[in-house]
Amino acid sequence: MNFLSFRSLPILLSAFASLFCISCSGNEDLPDPDIIWDFAPYSIDFDFVDAQGATYLDPDRSDGLYGKGIIAEFDGKAFEISDWDASPFGIPDQWAKSRMCLALFRGLHPVHSSFSIIHSDETGKLPSYIPSGTCWLRFGEFQSETDMEKNLTLTIPSMNRKITIHINHTFRWKKGKPDIHTTVTIDGKEAVYSEYKQTEKTVLGKPHIISSRVIKIEI
């Protein structure tokens, strides 16, 4: 039978103390259990543009892509747009703004702006606005609290183009607060975004500002 010697006791106590300290330091990053955090799902929004920045998704553009076959490959599955006129945009009941409403994965679909808006920011300057009829594409939704690193491959048969969007999304707790980062590259290059702002009236008649970060993909 093996007995614990007094010589080994200080070493064991030191080891237990180290483990306790590691455990304590790790808990510092965890959220306050009395605070309920709410996270909205996210999607990848993108637009195809020419060298001048004009969109190829303009329905009136003769060499445009609106209504054309665009294929998205993600996680071993292929997605196509079945209805170019359908869009969840402008229907607040269909937006998942909370984890109480889990991410609704719709695959690839268009997003339409149905009205023109010019909204001034706090400096009084006018940011970019969305003219009525503007369209871009959206892929998602995804849960914000789940890490993800995957490729989204877009194929445009009419232009014989294939584009790889690399998505790296991380979620961590840092000093009791969420630390969320989403990094996107297009064919290995950092994505370039354009921020669109819209304003619509809620059911109560109050203005509601919507901001969308749209990736500009030059083709």
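Residues numbered from 1 in each chain as written. Predicted model: local features only at pLDDT ≥ 70, side-chain atom pairs only at ≥ 80, totals over all residues. Heavy atoms only, no water.

(A) Expanded view of the confidence of the model for the protein. Averaged over the protein, the pLDDT score is 76; the fraction of residues at 70 or greater is 63%. Taken together, the stretch residues 124-130 has pLDDT below 50 and engages in 23 contacts with residues farther than four places along the chain or on a different chain. (pLDDT = per-residue confidence, 0-100. Contact = heavy atoms within 4.5 Å.)

(B) Spotlight on the pattern of salt bridges. Scanning all chains against the criterion turns up seven salt bridges. For the salt bridge of Arg61 with Asp63, the shortest nitrogen-to-oxygen distance reads 2.6 Å. What makes Arg61 partly exposed here is its relative accessible area of 21%. Taking the shortest distance from any N to any O, the salt bridge between Lys150 and Asp75 comes out at 3.3 Å. One end of the pair, Lys150, is in strand β6 (residues 148-156); the other, Asp75, is in the loop between β2 (71-74) and β3 (77-80), and 75 residues separate them in sequence. A relative accessible area of 30% means that Lys150 is categorised as partly exposed. Given the relative accessible area of 53%, Asp75 is considered exposed. Ionic contacts of the salt-bridge type, sharing partners, join the residues Asp50, Arg61 and Asp63 into one network. (Salt bridge = Lys/Arg side-chain N within 4 Å of Asp/Glu carboxyl O. Buried < 20%, exposed > 50% of the residue type's maximum accessible area, 1.4 Å probe, protein only. Helix = DSSP H or I, 4+ residues; strand = E, 2+ residues; numbered from the N terminus.)

(C) Up close: the pairing of β3. When β2 meets β3, the two strands line up antiparallel, connected through four bridges. The residue bridging Phe74 from the neighbouring strand is Lys77, located in β3. (Pairing = 2+ DSSP bridges.)

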